[in-house]
Amino acid sequence: MEQRGLTQPRLEALAESLGSQVSPGTVVFLEGPMGAGKTTFTRALGRGMKLHRPQRVCSPTFNICLTHEGPVPLMHIDLFRLAPDEGAGPMPASFEALGLEALLDGIVEDEPDTAASVVVIEWSNLWQHAPAEALTIRLSRPDAHSRDLEASAAGPRHGALLRRWAGSAVAFRPKP
Amino acid sequence: MSENADPVVLALESSCDETAAAVVRGTHVVSSVVSTQIEVHRQFGGVVPELASRHHLGAVSAVTEQAIARADMSLADIDALAVTEGPGLSGALLVAVQMGRGLAFATGKPLYGVHHMEGHLWSAFLGDADLDATPFAPHVALLVSGGHTELVEVRAHGHYRVLGATRDDAAGEAYDKVAKLLGLGYPGGPIIDALAAEGDPAAHAFPRAMMKQPGFEFSFAGLKTAVLVHVEKHGPPDSRKALADVCASFQAAVSEVLVVKAARAIERTGLRRLNIVGGVAANSGLRAAAQARGDRDGFSVRVPPLRYCGDNAAMIGAAAAARVAAGLDPSVDVYTNLPIDDPRVVFA
């Protein structure tokens, strides 16, 4: 799926729509440069998931993982600080040492049916044992006021999710 | 309770990047040892991932021994033990929690779990050999760090209400990311703060988000993106003056939003004290802006000395000592996610 020239309200409506369609075991790899709108997207997704306190969704860059309670919990992970990037500062810990994989039972074992949470992960390329099946969403900023979105899926479960989401997203297509 | 009757607490902290231990008597810091990953990496001239992953584990025994030795005490002199129990990554939290459990088992002393942010609240009241401790008083706390930006109404010890928080980036995170996009080093806060002192805060009109909306929410992602767009449009600053102007303008935007919202919280709650705590409380621009506003509006502004702004164990010990004095039962667990107004934290 591709959506170009999205305003912020349109981007949020798309994310909220996705949030209403995810289920335990859904894994979203959220990609895009700084300022692309990743936190904004996740916050709106949390509203769609009917999290108890979607207003508490914020950037997990520093804390690396923030969990949000709801009918289905959301694990919001950002591995940015693990990047071996000059000037980015020291790596706080390797992925295994963070204790994240224990929280991700079912998902890291590629048994999404046993998973309890929805996972949104930024900078997932730094995840050593990332699951093979996921929805990948790429955000970019063509100019200061609009965003482009590209989505693709791996695996039947996430493929079906993408088709449902894309179907419901037709209404968000910008007018020519 | 007289000074000498205040409980002596040995506290450990490993919830984020720092591994720390301290001995406190009430709010008086007897010793405080902090081992930061930055220093560890600097020794090796760069990032050493394997070292980082084991840092907490490798450092916890050494900082604990140092804290006891510098306090000139033995474990027998300790009344209670304390550890940070959340929020944080379980792998990090567990290092101090397991050390604390081991010490509690070996010594029979009670072990108290403390919320990391409750510790920061107590950092404003700490004293030591060079500084008088301050009695706890009701206040509005502006908690600003790499991972948190929130305004908390603190009516009493144990009575915490989050008035508002950031909806995207924390203030400290915005500093780090802007420093990165300007090609400056890590951590970004002190570097931008120093450059900002040389620049013109009115040089660029960066956005002040959420200022007009009622309430106490913050947003710094748009400001970060505005600096990014500025650099894309005009190119990276080509002189020290140009760089200082960008830093000063960015810092003015951050400080103004934080101070305006904090002043609004003071007005709303009727409390007359603002305490600024957390790593970003070290920022001189924020301190000056808050003090100026406090002088104008007639509220007091308290900021811990630099040594207690960043993560440390002394603040955890002081919070635990207050729990001991309040007669609360010791308990400890590991909470990766724990808001400061969670029922497991508040008790007043």
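Conventions we followed
- Residues numbered from 1 in each chain as written.
- Chains lettered and ligands numbered in written order.
- Predicted model: local features only at pLDDT ≥ 70, side-chain atom pairs only at ≥ 80, totals over all residues.
- Heavy atoms only, no water.
- Axes fitted to C-alpha atoms, helices over the stretch in contact; angles between N-to-C directions.
- Helix = DSSP H or I, 4+ residues; strand = E, 2+ residues; numbered from the N terminus.
- Parallel < 35°, antiparallel > 145°, perpendicular 65-115°, else oblique.
- Contact = heavy atoms within 4.5 Å.
- Nonpolar A, V, L, I, M, F, W, Y, C, P; charged D, E, K, R; others polar.
- Phe/Tyr/Trp six-rings, centres within 6.5 Å; stacked < 30°, edge-to-face > 60°.
- Buried < 20%, exposed > 50% of the residue type's maximum accessible area, 1.4 Å probe, protein only.
- Domains from an automatic or database assignment.
- Buried area = accessible area lost by both parts, 1.4 Å probe.
- Salt bridge = Lys/Arg side-chain N within 4 Å of Asp/Glu carboxyl O.
- Polar contact = N/O pair within 3.5 Å; in protein donor to acceptor, adjacent residues only side chain to side chain.
- Pairing = 2+ DSSP bridges.

(A) Broad picture of the packing of helix H5 (residues 116–123) of chain B against helix H11 (residues 314–325) of chain B. Residues and elements named next belong to chain B. Contact geometry of H5 with H11 gives a least axis separation of 7 Å together with a crossing angle of 95 degrees. Taken as axis vectors, H5 and H11 run roughly perpendicular relative to one another. Along the contact surface, H5 presents His116, Glu118, Gly119, His120, Trp122 and Ser123, while H11 presents Met315, Ile316, Ala318, Ala319, Ala322 and Arg323. Considering only residue class, the contact of H5 with H11 consists of six nonpolar, four polar and two charged.

(B) Representation of unusual backbone geometry in the model. A cis amide bond links B:Gly86 with the next residue in sequence, B:Pro87, at an omega value of -10 degrees. On the secondary structure map, B:Pro87 appears in the loop between strand E4 (80–86) and helix H4 (90–107). Positive phi values are uncommon outside glycine, yet A:Lys50 reaches one of about 60 degrees. Its place among the elements puts A:Lys50 in the loop between helix H2 (38–48) and strand E3 (65–68).

(C) Up close: the packing of aromatic side chains. Residues and elements named next belong to chain B. Enumeration according to the criterion identifies six aromatic pairs over all chains in this entry. Consider the rings of Phe125 and Phe136, whose centres lie 5.0 Å apart with planes at 40 degrees: the pair is tilted. Of the two residues, Phe125 sits in the loop between H5 and strand E6 (139–144) while Phe136 sits in the loop between H5 and E6, which places them eleven residues apart along the sequence. Of the residues examined, Phe125 reaches a relative accessible area of 3% and is grouped as buried. In this structure Phe136 comes out as partly exposed when scored by relative accessible area, which is 25%.

(D) Quick look at the environment of B:Pro187. Inspection of the secondary structure assignment puts B:Pro187 in the loop between helix H6 (171–181) and helix H7 (188–196). With 110 residues separating them in the primary sequence, B:Pro187 and B:Asp297 have C-alpha atoms 33 Å apart.

(E) Highlighting the domain arrangement of chain B. All names here are of chain B. Each assigned domain of chain B is listed here: domain 1 (8–131 + 308–325) and domain 2 (139–304). Just the C-alpha atoms count here: the centres of domain 1 and domain 2 sit 27 Å apart. Each partner contributes to the interface: domain 1 provides 17 residues, whereas domain 2 provides 19 residues. Taking both partners together, domain 1 and domain 2 bury about 1,400 Å²; carbon and sulfur atoms supply 71% of that area. It is Met117, Leu121 and Cys309 that lose the most area in domain 1 upon contact with domain 2, and together they represent 43% of the buried surface on that side. Here domain 1 and domain 2 share zero salt bridges between them. Here domain 1 and domain 2 share four residue pairs in polar contact (both at pLDDT 80 or more) between them. For the side of domain 1 that touches domain 2, the residue count by class is eleven nonpolar, three polar and three charged.

(F) Representation of the sheet that holds E6(B) in the model. Residue and element names in this part refer to chain B. Overall, mixed pairing links the five strands, which are arranged E8-E7-E6-E9-E10 in an open sheet. Two strands bound the open sheet, and with one partner strand each, they are strand E8 (159–165) and strand E10 (300–302). Strand-to-strand twist across the sheet, computed as the mean angle between neighbouring axes with direction ignored, equals 25 degrees. In terms of strand pairing, E6 meets strand E9 (residues 273–277) through four bridges, oriented parallel. Bridge pairing in E9 places Leu142 opposite Ile276. The sheet strands contacting H5 are E6, strand E7 (149–156), E8 and E9, and the helix crosses E6 at an angle near 120 degrees.

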